[in-house]
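For reference, the chains in residue letters:
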Amino acid sequence: MSRGKTDAGVTSFVNSALKICLWIVLLLVVAAQLGLQINSIIAALGAAAVAIALAVKDSLSNVASGILIIITKPFKVGDYIEIEGLEGTVYTIELMFTTLITADNKNVILPNSRVSANNVVNYTAQETRRLDLNFSIGYNDDIQQAKGILQRLIDQDPRVVRREESIIGVFSQDESCVTLALKVWCNTSDYWNLHYALEEQVKLAFDQAGITIPYPQMDVHLVP
């Protein structure tokens, strides 16, 4: 399967399932070599399997959910996903569990039944993503000047995807500031690098142009 470039999630799932099957086959072969009655053992195993199935129905649910994940492919090994507020890169999809690696290199092991039963956000399923940023300016600042600075910065950055429309506009008029919205498209692999770069570049450009980035404040008037 590895030589055939099979999806890594399918490979790890089949591998974990085959291990269990081969152990069962090995035990039967050893029993046969020892002269034990295979038919009796198989019948006993069948009865035991029914009892075990009732006792470990949650585990069987994980197995069924794992098969469903492999068939429907909502994500694959290497995708960056979010499940139940947990984010990480898919590391393995096994018989009963899916393992994520978080950005700070922690292993998150999720039962397959929880994965299939919850909403999954796949951040890397598409080639491009939209980056949404908000920037605040003072009420005394020139809105058109600020929008021009934002436009110049995204025009100069090669990571911005030109085939998609960028949006720059007034998002809201808040108590202490006017909030400008910047929405641009980029390749998924460039998302965070572009995010950090624009945050820094906008701050420096606004400072150079004398555009204030206000903070929450309150005017207090004292009446004698």
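Note: the structure precedes this text.
An account of the accompanying structure is given in this report.

## Describing the overall build of the chain
The helix and strand inventory of the chain stands at six helices and eight strands. Listed N to C, the secondary structure of the chain is α-α-α-β-β-β-β-α-β-β-α-β-β-α in terms of helices and strands. Within the chain, counting contacts between residues at least 6 apart in sequence, those at least 24 apart form 61% of the total.

## Observations regarding the pairing of strand 1 (residues 80–83)
With four bridges joining them, strand 1 and strand 2 (residues 86–93) adopt antiparallel strand pairing. Across the sheet, I83 pairs through a bridge with L86, a residue of strand 2. The turn joining strand 1 and strand 2, which pair antiparallel and follow one another in sequence, is formed by two residues; a positive phi near 55° is taken by E84. Across three bridges, strand 1 lies against strand 5 (residues 120–122) in antiparallel orientation. Each bridged residue has a counterpart across the sheet, and for I83 the counterpart in strand 5 is V120.

## Focus on the sheet that holds strand 4 (residues 107–111)
Strand pairing in a sheet takes place through backbone hydrogen bonds and is either antiparallel or parallel in direction. Pairing within the open sheet is antiparallel, and its five strands lie in the order 4-3-2-1-5. Both outer strands of the open sheet, strand 4 and strand 5, are each paired with one neighbouring strand and no more. Neighbour-to-neighbour, the strand axes of the sheet open up by a mean angle of 40°, direction not taken into account. Two strands pair when backbone bridges link them, and strand 2 and strand 3 (residues 97–101) are joined in this way by four bridges, in the antiparallel orientation. From the neighbouring strand, V90 faces strand 3, where its bridge partner is L100.

## Re the nonpolar core
Side chains of a nonpolar character, in soluble globular proteins, are inclined to be buried together. With 23 residues, the main nonpolar core has V184, L198 and F206 as its most contacted residues. The leading source of residues in this core is helix 6 (residues 191–209), at six residues. Once you skip the residues sitting within four places of it in the chain, F206 turns out to touch F135, I137, A146, I149, L150, I211 and I213. In terms of nonpolar packing, the next biggest core, distinct from the first, is built from eleven residues, F75, I81, V90 and V108 among them.

## Describing unusual backbone geometry
Phi at K73 is positive, roughly 55°, even though this residue is not glycine. Relative to the elements of secondary structure, K73 occurs in the loop between helix 3 (57–72) and strand 1. Residue class for K73 comes out exposed when judged on its relative accessible area of 56%. If you check the backbone angles, N105 has positive phi at about 70° while not being a glycine. For N105, the position within the fold is in the loop between strand 3 and strand 4.

## Considering the packing of aromatic side chains
This structure, assessed with the given rule, holds three aromatic pairs. Consider the rings of Y191 and W192, whose centres lie 5.1 Å apart with planes at 90°: the pair is edge-to-face. The class of Y191 is buried, set by a relative accessible area of 11%. Site record: aromatic cluster; members linked through ring pairs are Y191, W192 and Y196.

## A short note on helix 6
Helix length check: helix 6 (19 residues) gives 27 Å between terminal C-alpha atoms against 27 Å at 1.5 Å per residue, within 8%. Three or more residues of helix 6 are buried, namely Y191, L194, H195, A197, L198, V202, A205 and F206. At its buried positions, helix 6 is contacted by strand 6 (128–137), helix 5 (143–156) and strand 8 (178–187). G210 sits one or two residues past helix 6 and shows a positive phi near 80°.

## As for the sheet that holds strand 8
The strand order across the open sheet built from three strands is 6-8-7, with neighbouring strands paired in antiparallel fashion. The open sheet has two edge strands, strand 6 and strand 7 (167–173), and neither has a second partner. Taking each pair of neighbouring strands and ignoring which way they run, the sheet shows an average axis angle of 25°. Pairing analysis gives six bridges linking strand 7 to strand 8, with the strands arranged antiparallel. Paired with S172 across the strands is T179, a residue of strand 8. Lying over the sheet, helix 6 contacts strand 6 and strand 8, oriented at roughly 20° with respect to strand 6.

Criteria and thresholds
- Within each chain, residues carry numbers counting from 1 in the order of the written sequence.
- Since the coordinates come from a predicted model, pLDDT governs what is reported: local features require at least 70, and pairs of side-chain atoms require 80 or more to be given and counted, while whole-chain, interface and lining totals use all residues.
- With hydrogens and water excluded, all non-hydrogen atoms of the structure serve as input to the side-chain values.
- Counting from the N terminus, the helices are DSSP H or I runs at least four residues long and the strands are E runs at least two residues long.
- We call two residues in contact whenever any of their non-hydrogen atoms come within 4.5 Å of each other.
- Strand pairing is assigned whenever DSSP identifies at least 2 bridges connecting the two strands.
- Lines fitted to C-alpha atoms define the axes, with helix axes restricted to the stretch in contact, and inter-axis angles between N-to-C directions lie between 0 and 180 degrees.
- Among buried residues, the Ala, Val, Leu, Ile, Met, Phe, Trp, Tyr and Cys ones that are joined through side-chain atoms within 4.5 Å form a nonpolar core.
- Classification of residues uses two cut-offs on accessible area relative to the type maximum, computed with a 1.4 Å probe and protein chains only: under 20% is buried, over 50% is exposed, and between them is partly exposed.
- Within 6.5 Å between ring centres, the rings of Phe, Tyr and Trp (the latter by its six-membered ring) count as paired, and their orientation is classed by plane angle as stacked under 30 degrees, edge-to-face over 60, tilted in between.
- Multiply 1.5 Å by the residue count of a helix minus one, and that product is the helix's expected span.

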